[in-house]
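# Breakdown of the fold
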Amino acid sequence: KYRVGVDFLSLARGIVKNKHDLQTIGWTTMQGGHHVSRATRYNEKSKTSALESFENSFEPQGYFFHLTVWDASILLGHPLINAFANCFLLIGLVTNICLQCLFCWIVSSLPSDLNDYTDGAVAAFHVWRDSASWSTVDIFCSFNETVPRADFHAWNILQDATKYTATTLQAAQHGPLLCVIVLIAWTLNICKVIRIAVDFMVAVQGAYEKDSKVMLLEQHLQRYTISHIPASRVSWALFLGTLQVAISIVLLVVGGLWLATTT
């Protein structure tokens, strides 16, 4: 049953290319062009070997490509891919890089545009406080929710600040707590992208073949694997992975600043 389990797992992972890759192939023999099952006796040693093989089959089997332009670009220029597909892949890669760089630039400019508490705004609040009448200041400091006839902008800012600093269970303020949660979620999401990019670079580096000239693309049932990657394609993959990590780090910083400003 251990060998059957190993064969089922190998079939599910697509690493079986032909019948000789099955461990249970030894249970059959050929007679007159037909497979005839035959009993095989196993001692404790063979059973232990089968168990170890079954346990080892759960070890990582390499990097699985994701449905992204970054991963697909490792095949750019491969001789088994026609020129039309290569052209579309190149256009997709360039478009993806340009859009992500544009997104980084847009996000980096958002904090200053949406921040209501810049140094200039704080200085303007001080000027308003010094010039406002005592009756107006008393109304504002009483935290009355009645909308005043004048100085609506200052009243609106005060209401937002009051709600932002309200406490939850007398332990933490609403605004800072939500900001921390959002920043943690954003950081974990970016770390996931970085980890995938690093795994991609490590996997390609592990498949490097010094004497190889062309990357080998093999089909295993309904799956494909790449191996014997030459130095030029490894360099290309490292460039793609490094670029993806760099964009992710930039988004982590500028996105974190924007979230901290708006949350």
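Residues numbered from 1 in each chain as written. Predicted model: local features only at pLDDT ≥ 70, side-chain atom pairs only at ≥ 80, totals over all residues. Heavy atoms only, no water.

## Digging into the pattern of salt bridges
Applying the stated rule across the entire model yields 1 salt bridge. One salt bridge in this structure joins Asp 199 and Arg 195, with 3.1 Å as the shortest N-O distance. In this pair, Asp 199 and Arg 195 both sit in helix H8 (residues 174-206), 4 residues apart, roughly one turn of the helix. The exposure class of Asp 199 is partly exposed, given its relative accessible area of 32%. (Salt bridge = Lys/Arg side-chain N within 4 Å of Asp/Glu carboxyl O. Helix = DSSP H or I, 4+ residues; strand = E, 2+ residues; numbered from the N terminus. Buried < 20%, exposed > 50% of the residue type's maximum accessible area, 1.4 Å probe, protein only.)

## Quick word on a nonpolar patch on the surface
A contiguous nonpolar surface patch, about 430 Å² in accessible area, is contributed by Leu 99, Leu 102, Trp 105 and Ile 106. Its place among the elements puts Leu 99 in helix H4 (residues 83-114). (Patch = residues over 30% accessible without salt bridge, like charges linked within 9 Å, V, L, I, M, F, W, Y side chains within 5 Å. Areas by Shrake-Rupley, 256 points an atom, 1.4 Å probe, with all protein chains shown as cover.)

## Describing the packing of aromatic side chains
Following the criterion strictly, the structure yields 3 aromatic pairs and no others. On the numbers, 5.9 Å between centres and 25° between planes, the contact of Trp 236 with Phe 239 is stacked. Of the two residues, Trp 236 and Phe 239 are both situated in helix H9 (residues 231-262); the distance of 3 residues between them amounts to about one turn of the helix. A relative accessible area of 26% means that Trp 236 is categorised as partly exposed. (Phe/Tyr/Trp six-rings, centres within 6.5 Å; stacked < 30°, edge-to-face > 60°.)

## Some thoughts on the environment of Thr 167
Of note, Thr 167 is situated in strand E3 (residues 167-168). Between the alpha carbons of Thr 167 and Leu 177 there is a distance of 9.4 Å; along the sequence they are 10 residues apart. Other than its neighbours up to four places away in sequence, Thr 167 contacts Ala 172, Gln 173 and His 174. (Contact = heavy atoms within 4.5 Å.)

## Re the UniProt feature "transmembrane region" (unreviewed entry) in the protein
As recorded in UniProt, the feature "transmembrane region" (unreviewed entry) lies at residues 171-191 and 236-260. What you have in residues 171-191 is 86% helix and 10% strand, and the ends, taken at the C-alpha atoms, are 29 Å apart. As annotated, residues 236-260 comprises 100% helix and 0% strand, and the C-alpha atoms at either end are separated by 36 Å. (UniProt positions renumbered as here; feature names shortened; annotations may be inferred.)

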